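Each chain, written out:
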Number of protein chains: 2
Amino acid sequence: MRITSSVEYATRLMVALSRAFGQTPLSAETLSETENVPVDYVNQILLRLKRAGLVESHRGIRGGYTLSKRPEQVKLGQVVRAVEGEIFESVCGRYEGGKKDCHHQGRCGISPVWRRLGAMIEEYFDGITLDNLMQEQGMPCPVKLEGLFHER
Amino acid sequence: MRITSSVEYATRLMVALSRAFGQTPLSAETLSETENVPVDYVNQILLRLKRAGLVESHRGIRGGYTLSKRPEQVKLGQVVRAVEGEIFESVCGRYEGGKKDCHHQGRCGISPVWRRLGAMIEEYFDGITLDNLMQEQGMPCPVKLEGLFHER
DNA sequence: ATATACTTGATCAATTTAGTCAACTATGTT
DNA sequence: AACATAGTTGACTAAATTGATCAAGTATAT
């Protein structure tokens, strides 16, 4: 379980765009240099972010990318979903044993444990905004998880 | 971000061994059948669990595996660490950009966000015991995360 | 003795992740 | 209009990880 390079890079790119919010667009080339990410990879990631509606692109000589929304209105969860599809992939049914004779239904308590973990992680990511990420010390106290554990 | 088959299988195997706790050992062959996991893979996973001290092996004609400790004394976190090494791999420095001109040090708030996520996930796994997993409804309310978000 | 069953390390295939490439389209500037 | 900048697209490749298999052992209860 780890943060992939796509997510790491996407997050850094979004923070860079947050810093430049309200100013002129940042080109993929520029972002590639300041963030030390291969330019083609930057383009690929920005394209996914664009398709998710998180950034806008501007062609031509002084083109580049800008945030679609204000930094405080963009959640880290949206960024992760844009590049990964799903934040936490459900496990039930993915493996042979699970499908054929699923021990995740009525016979043991494993399934809810995975589900809650997924919910917890999503909640965590959705509780953090780009604005939080721009702060030196990270976000203050973004998530309230109490409810999750009593959910039935 | 997902639960790997090793973790899924290891968890199921440990729950099966929990059910048989105090009884005769369960052979890899038996576990393979009841859990629908290839027998060689079962052996591989059980070996890792053994090296982590979570199960004991018994050779010979009525041999097999037994839990080393009572189900309520084994944490899910230990099971995950036994098969995966680390529950959540630290990201800082893993990628080129991070090493060369790390944006995770003093200049933005990304790093603490990953660290806290990792701490949260570890805390979650360590708050669940095999005993919890045996219950139909999963564990009750294993984790208190309040402290995590104010940690500095 | 012998059948059962754990032990070990190597190997292999499938999948995912990371990164590259090339051909193209749009746009501002001169 | 010409041109340079810069986004767009999809295919492609390489590396790493994951999932699974195999073979040649060793130990032990009966």
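See the structure shown above.
On a predicted model such as this, the values are computed, not experimentally measured, just so you know. (Residues numbered from 1 in each chain as written. Chains lettered and ligands numbered in written order. Predicted model: local features only at pLDDT ≥ 70, side-chain atom pairs only at ≥ 80, totals over all residues. Heavy atoms only, no water.)

### What about the overall build of chain A?
Phase 1 of the analysis: For chain A, the helix and strand inventory stands at eight helices and two strands.
Phase 2 of the analysis: Put simply, chain A runs from its N terminus to its C terminus through helices and strands in the order α-α-α-β-β-α-α-α-α-α.
Phase 3 of the analysis: Taking all 152 residues of chain A together, 51% fall into the buried category.
Phase 4 of the analysis: Within chain A, counting contacts between residues at least 6 apart in sequence, those at least 24 apart form 63% of the total. (Helix = DSSP H or I, 4+ residues; strand = E, 2+ residues; numbered from the N terminus. Buried < 20%, exposed > 50% of the residue type's maximum accessible area, 1.4 Å probe, protein only. Contact = heavy atoms within 4.5 Å.)

### A word on the protein's contact with DNA strand C
Phase 1 of the analysis: Surrounding DNA strand C, one finds 29 residues, the nearest of these being Arg 59 of chain A together with Lys 50, Ser 57, Arg 59 and Gly 64 of chain B.
Phase 2 of the analysis: Note that a phosphate oxygen of DNA strand C is positioned 2.9 Å from one of the backbone N or O atoms of Ser 5 of chain A.
Phase 3 of the analysis: At a separation of 3.4 Å, a phosphate oxygen of DNA strand C approaches a polar side-chain atom of Arg 51 of chain B.
Phase 4 of the analysis: The set of elements that each furnish at least two residues to the surface near DNA strand C consists of helix H1 (5–19) and helix H3 (39–51) of chain A together with helix H3 (39–51), strand E1 (55–58) and strand E2 (64–67) of chain B.
Phase 5 of the analysis: Among the elements that make up the surface near DNA strand C, the one with the highest residue count is H3 of chain B (four residues).
Phase 6 of the analysis: Among the residues making up the surface near DNA strand C, the classes are represented as nine nonpolar, twelve polar and eight charged. (Near = heavy atom within 4 Å. Polar contact = N/O pair within 3.5 Å; in protein donor to acceptor, adjacent residues only side chain to side chain. Nonpolar A, V, L, I, M, F, W, Y, C, P; charged D, E, K, R; others polar.)

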